[in-house]
Amino acid sequence: MSNVFGHEFYMPKLAASPELKYIVKLDSGSYRLRIRTATAGTITQTYKTLEEAQTGRQMHLDNAAGRLAPGSTLQEAWEIYEKSSNFTVKSKKTRLTRQSSIKPVLKKLGLMSIRHITAQTVQNYISSQDMKLSNDTRRLQLDALSSTLKYARILGAIPSNPCIGISRPPGGHSIRTWTDEERGLLLMLSGCPDWSLRKVARFLLLVQALRCRPGELAAAHWTDCKLKDREIHFKQTKNGDDRTIPFSPETAIMLAEVQADELEHFSDSPHIFSSRSNRPGPLQGIAAPFNWSSAIGNARKRHAALPTGLTGRTGRHDGITEMVKNKATRGLSTEAMMLITGHRSYEAFRIYDHAKATAFRAEVDASEPERNETRIKGMAALLGVSVKEVKEKLAAKQRRLVAAAKLTAPARLTGPRNADKSQKRQGKIGGGGRRQEPRRKKARRVAGLSVS
């Protein structure tokens, strides 16, 4: 109702623009999405930007016809999730992995209603799995199940995701770093006559030098690499955050060698490392991103040129560990290292850091003089003398102790175990009723300074 010149009348409600349909801008600047459905009830979510709200709206509208009700089975929930934009926006590798991992879960729990799936149900499923399965396989199955139930919660079919709080099995193997011999082997293979082995070796060495994920380097284009500026830009990253990192002159030389080889064999490809598609169809023979996993497997099995464990993933681990241990780069802050490696959280970054505390022995030794100086200053203040006098007395006392230890060490080893105790009882060491010395006077005597 509006009031104009004292007359009240009703204004017709204007229809929202297509861009703002089901979306309301809040006073805080965020955007609230509210969709009422007959099956899933009212869906309400808040987003920081309008683009995120529009993406969420499209996701829910795409699945409005899915009729995911609380009584729907896990099989039905998976089918709706598989068709949703929430699933299709994932990378191809993630989609294939979840489609493969969900099959044994659906075989056992597919006919169960999603509202009857509890945390205990999930725990019982994990316990009933074949013990021959690797921990990685179990973890991927739980991830596929959790993603399906999470989407069901977003649609309002269930109040919460029962997989939250379930401990996932640890990794089936520990990631290691490269040895000096393995680094030397890769350097040797990077100049060998066999082009395929030379390519694999250079790929692994560049993953180690750039501290990047193997998939990031395989997807990079030559337009993303600036050899003169010694920078490379990674677009297709795991967490979706683009990043530009610098590299050394030695790395620039190796990239130039890679460019010469790739132009000879893949002049039609924009990728830094390329392969030829062998799949039957219209794409057969077309240049594609480097299939680094298959190439490393061929170098290991067919050519017997690489030992087990020398992979792209271990190369990233080795590069990050070397960055933490190297004297030239260890001064970088953790935030700077995470910008180079592309990690969002410190918990994820520390997984790749295999540096041991003994690698920082030089820093520990370098901190000792300053710590010893503060002790001497405190001792001088306690005794009421100069710092120079304390240093001279301590140096003299240290020389006497070293000389005495060299002369009397064998005799002390063969002496009676309770000699000190027996001498103390006889009054030869210490005094039973001896008068206590003043604190400062005793400290001066113990330090070897003259006592007036």
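Now for a quick tour of the structure.

**A look at the overall build of the protein**
Check the secondary structure of the protein and you find 18 helices and 10 strands. Here the analysis covers contacts within the protein between residues at least 6 apart in sequence; of these, 54% occur between residues at least 24 apart.

**Here we look at the environment of Asp136**
Structurally, Asp136 is set in helix α6 (residues 135-154). With a relative accessible area of 23%, Asp136 lands in the partly exposed category. Measuring from C-alpha to C-alpha, the distance between Asp136 and Pro169 comes to 7.5 Å, with 33 residues separating the pair along the chain.

**Examining the sheet that holds strand β8 (residues 243-246)**
Read across the sheet, three strands follow the order β6-β7-β8 without closing on themselves; strand pairing throughout is antiparallel. The sheet is open, and its two borders are formed by β6 (225-226) and β8, each paired with just one other strand. Inspection of the sheet shows β6 paired to strand β7 (residues 231-234) by two bridges, in the antiparallel sense. Considered in β7, the bridge of Cys225 is made with Ile232.

**Observations concerning the packing of aromatic side chains**
Inspection of the entire model under this criterion finds 10 aromatic pairs. Ring plane angle 50 degrees and centroid distance 5.7 Å describe the contact between Tyr81 and Tyr151, whose orientation is recorded as tilted. Taken together, the residues Tyr81 in helix α2 (residues 74-83) and Tyr151 in helix α6 connect sequence positions 70 residues apart. On the accessibility criterion, Tyr81 (2% relative accessible area) is buried. Aromatic side chains Tyr346 and Phe349 sit 6.4 Å apart centroid to centroid with 35 degrees between the ring planes, which places their arrangement in the tilted category. Pair noted here: Tyr346 and Phe349 are both in helix α14 (residues 346-351), with a separation of three residues, about one helical turn. Residue class for Phe349 comes out buried when judged on its relative accessible area of 3%. These aromatic residues form a ring-pair network of at least three members: Trp78, Tyr81, Phe87 and Tyr151.

**Remarks on the pairing of β7**
Residue alternation in β7 divides its side chains into a buried set, Ile232 and Phe234, and an unburied set, Glu231 and His233. If you look at the hairpin formed by β6 and β7, you'll find four residues sitting between the two strands, and Arg230 has a positive phi there, around 55 degrees.

**Concerning the packing of α2 against α6**
It is the contact of α2 with α6, at a shortest axis distance of 9 Å, that shows an interaxial angle of 85 degrees. Relative to α6, the element α2 lies roughly perpendicular. Between α2, through Leu74, Ala77, Trp78, Ile80 and Tyr81, and α6, the contact on the second element is made entirely by Leu145, Ser147, Thr148, Leu149 and Tyr151.

**Description of the pairing of β8**
Taking every second residue as pointing to the same face, the buried face of β8 carries Arg243 and Ile245, while none of Thr244 and Pro246 on the other face is buried. Relative to β8, β7 is paired through four bridges, and the arrangement is antiparallel. Each residue of the ladder has a partner; that of His233, found in β8, is Thr244.

**Here's the deal with the nonpolar core**
Note on soluble globular proteins: their nonpolar side chains tend to be buried together. Ranked by size, the top nonpolar core spans 44 residues in total, and within it Leu186, Leu210, Leu217, Ile232, Ile272, Phe273 and Leu306 carry the most contacts. Of all the elements in the fold, those that place two or more residues in this core are α7 (180-189), α8 (195-210), α9 (214-219), β7, α10 (249-265), α11 (292-301), α12 (312-325) and α13 (334-341). Dropping the residues within four chain positions of it, Leu217 is found in contact with Phe203, Leu206, Val207, Leu210, Cys212, Phe234 and Phe273. Ile102, Leu109, Tyr125 and Ile158 belong to the second largest nonpolar core, which has 27 residues in total.

**Considerations on the side chain of Gln141**
Turning to its location among the elements, Gln141 is positioned in helix α6. Within the local environment of Gln141, its side chain forms a polar contact with the side chain of Tyr125, the two groups lying 2.8 Å apart. A distance of 2.5 Å separates polar atoms of two side chains, one belonging to Gln141 and the other to Gln129. Residues in contact with Gln141, not counting those within four places in the same chain, are Ser101, Pro104, Val105, Tyr125, Gln129 and Leu133.

Criteria and cut-off values
- Residues numbered from 1 in each chain as written.
- Predicted model: local features only at pLDDT ≥ 70, side-chain atom pairs only at ≥ 80, totals over all residues.
- Heavy atoms only, no water.
- Helix = DSSP H or I, 4+ residues; strand = E, 2+ residues; numbered from the N terminus.
- Contact = heavy atoms within 4.5 Å.
- Buried < 20%, exposed > 50% of the residue type's maximum accessible area, 1.4 Å probe, protein only.
- Pairing = 2+ DSSP bridges.
- Phe/Tyr/Trp six-rings, centres within 6.5 Å; stacked < 30°, edge-to-face > 60°.
- Axes fitted to C-alpha atoms, helices over the stretch in contact; angles between N-to-C directions.
- Parallel < 35°, antiparallel > 145°, perpendicular 65-115°, else oblique.
- Core = buried A, V, L, I, M, F, W, Y, C linked by side-chain atoms within 4.5 Å.
- Polar contact = N/O pair within 3.5 Å; in protein donor to acceptor, adjacent residues only side chain to side chain.

All quantities given are derived from atomic positions and should not be read as evidence of function.
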